[in-house]
Amino acid sequence: MGPPPNVLLVVCDTLRVDALSCYDDDAPPTPNLDRLAAEGTTFENAFAAGSWTPPSHGALFTGRYPSETGFAGAWPTLSADETTMAERFRDAGYDTIGIPGPSKMGSPVGLDRGFDEYYEVYEEMAKRPSLPYLRQLLTDGFVRRDLFRIATRGNDYYTEIKLEKLRRFVAEADAPWFAMANLTTVHAPYRVPKPYMREETPELHRPLLPLLEEFLPSTVRLDRDDVRPERLFAAADGASATSIAMRQYETGDYLTDAELSVLRAWYRACVRYLDDRLGALFDWLDETGRREQTHVVLTSDHGECFGEHGTMYHGYFLYDELLHVPLVVSGPEVPAGERRSDLVSLVDLFDTLCDLSGVEAPEATSGRALFGDDADNGVDSGNEHDAVFAETAIMDERDREAAAEVSRETLAAFETGKKSIRTATHRFERRSDGSERLCDVRTGEEVDDPELADSLREQLTQTLGEEYVVDGSGDEEYSAGVERNLRELGYLE
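Structure report, in brief. (Residues numbered from 1 in each chain as written. Predicted model: local features only at pLDDT ≥ 70, side-chain atom pairs only at ≥ 80, totals over all residues. Heavy atoms only, no water.)

Turning to empty space enclosed by the protein, a few remarks are in order. Counted under the stated rule, the structure contains 2 cavities of 30 Å³ or more. If you add up the space inside the largest cavity, you get close to 130 Å³. Lining the largest cavity are 16 residues, with Ala241, Thr242, Tyr313, His314 and Tyr491 positioned closest to its centre. Elements with a minimum of two residues in the lining of the largest cavity: helix H12 (241-251) and strand E10 (312-313). At 3 residues, the largest contribution of residues to the lining of the largest cavity is made by H12. Among the residues making up the lining of the largest cavity, the classes are represented as 10 nonpolar, 5 polar and 1 charged. (1 Å grid on protein atoms, 1.4 Å probe; cavity = no way out; pocket = protein on both sides within 12 Å on 5 of 7 lines; lining within 4 Å. Points joined across faces, edges and corners; volume = space filled by probe spheres on them. Helix = DSSP H or I, 4+ residues; strand = E, 2+ residues; numbered from the N terminus. Nonpolar A, V, L, I, M, F, W, Y, C, P; charged D, E, K, R; others polar.)

Together, Leu209, Leu212, Phe215 and Leu216 line one region of the surface with nonpolar side chains, adding up to about 360 Å² of accessible area. Here leucine 209 shows up in the loop between strand E6 (204-205) and helix H10 (211-215). Note on leucine 209: relative accessible area 44%, which makes it partly exposed. (Patch = residues over 30% accessible without salt bridge, like charges linked within 9 Å, V, L, I, M, F, W, Y side chains within 5 Å. Areas by Shrake-Rupley, 256 points an atom, 1.4 Å probe, with all protein chains shown as cover. Salt bridge = Lys/Arg side-chain N within 4 Å of Asp/Glu carboxyl O. Buried < 20%, exposed > 50% of the residue type's maximum accessible area, 1.4 Å probe, protein only.)

Here we come to the packing of helix H8 (residues 159-172) against helix H13 (residues 257-287). Viewed as axis vectors pointing N to C, H8 and H13 meet at an angle of 15 degrees, and their least axial separation amounts to 11 Å. As the angle between them shows, H8 and H13 are arranged roughly parallel. For H8 against H13, the interelement crossing comes out right-handed. On the side of H8, the interface is formed by Thr159, Glu160, Leu163, Leu166, Arg167, Val170 and Ala171, while H13 contributes Tyr273, Arg277, Leu281 and Trp284. (Axes fitted to C-alpha atoms, helices over the stretch in contact; angles between N-to-C directions. Parallel < 35°, antiparallel > 145°, perpendicular 65-115°, else oblique. Left-handed = near helix turned anticlockwise from the far one by under 90°. Contact = heavy atoms within 4.5 Å.)

This part covers the pattern of salt bridges. Taken as a whole, this structure holds 39 salt bridges when the rule is applied. Of the charged contacts, one joins glutamate 160 and arginine 277 as a salt bridge, the two residues approaching to 2.9 Å between their closest N and O atoms. Here glutamate 160, found in helix H8, pairs with arginine 277, found in helix H13; they are 117 residues apart in sequence, far enough to count as distant. Classification of glutamate 160 by relative accessible area gives buried; the value is 6%. Linked through salt bridges whose partners overlap, the residues forming this network are Arg35, Glu39, Asp283, Asp286 and Arg291.

Turning our attention to H8. If you check H8, its first and last C-alpha atoms are 20 Å apart, about what 14 residues at 1.5 Å a residue would give, namely 20 Å. Among the 14 residues in H8, 11 count as buried, and that is most of the element. Along H8, the positions that sit buried rather than exposed are Thr159, Glu160, Ile161, Lys162, Leu163, Glu164, Lys165, Leu166, Arg167, Phe169 and Val170. (Expected span 1.5 Å × (residues − 1).)

Ranked by size, the top nonpolar core spans 133 residues in total, and within it Tyr190, Leu263, Trp266 and Leu278 carry the most contacts. Broken down by element, this core gets its largest block of residues, 16 residues, from H13. Among all residues touching leucine 278, those that are not within four sequence positions of it are Val10, Cys12, Leu33, Leu183 and Leu298. Formed by 13 residues, the second largest nonpolar core is a distinct cluster that contains Ala49, Ala59, Phe389 and Leu464. (Core = buried A, V, L, I, M, F, W, Y, C linked by side-chain atoms within 4.5 Å.)

Here it is as structure tokens:
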């Protein structure tokens, strides 16, 4: 028997399933992720358990749904009774590192448990520019190289510095290693180095020296008469994401079709840059001889809306655009070049990675191992999901900038808790205000089928219960780094 396999779990924050060419022929070319798919198994119907970072990662890390753990809402706390994936691998003798994306999955919420190192870049790097940042430039090679990249190529919102940290950890690991990295490359703000964005929108003009953008945002312009620059750039920046989403939901045309088209183009640019950087990481694993002994998993915690269903961004609704995520698994014992159409949930990854690595999974998970005899490689073995589940907590959004402008109905749509069950053909949703809706996912239309609704409601209640988690955020005291990160990603206005 050989040494235990390594595990690399890459969570591409906000990555839509239809943004990858291995899933959609109309997607931008993503040759490196296509190569990963060819080397492993691609799951065509994988779904997140929540439509934004905290509940989705909580479910991914514990293998249990938010209602089972209470880990939902904007700023939850993971109970000490829950066992995390990283704890299981650490206890099995693995070296472990976590590299979170948004601070909403940072150490204050408890998702750092089990990681020997949790590299929270928003805490490690001082604000640019500042005196502490200048001191870091003198002492920290990571920071110097990051500044050089910004100055010569442009801001990539810590993508490369995270991957550099990951490579260093892997190179120095003495034992088999388990690594999780969340990359916010395609999360708003939609901005990556110049060549990628110019290829999508040639009308975009940016300064010759990329560093100028950090200090003089006005040097960036888009020469098009059919867009409103101030509104477009605010939407691309995402600093007031919830308010923008509320206004779009209220009017349906707060952002025009032309402006939405530009945002989608910039999002595609971010996807292409992400593919390039992950390709470099995979090449490094190949060149250093680590790839053959490593299970590489690529997924997303949720997708993103660009006007579909009248909304923007993510976090408050349970549509397929937000829950249907990519999932590619490769490595030892994983069939190469296979595509699976069975329904899977991100809660399945805990059991799956434990099973592939010879690590014992907890009995209390709600997932299943996706390979081996039980999974039967997608053939019905009696152990498949006939449905997957997702939910959001009851929120209080009255302090948002747009809350006073929009109707009571719009505000309620963002604040109500939601639970959904999704089968191969239908999605049934219950909301905390008592409303329900049944949709045919093949047509996108609401349907009237009381018998089916009763059956799905019963199954939904059996799995997620009747009570809705109430978001407990609002009274937190954020560190300077966390607050800066939350504002950059649009979670604080």
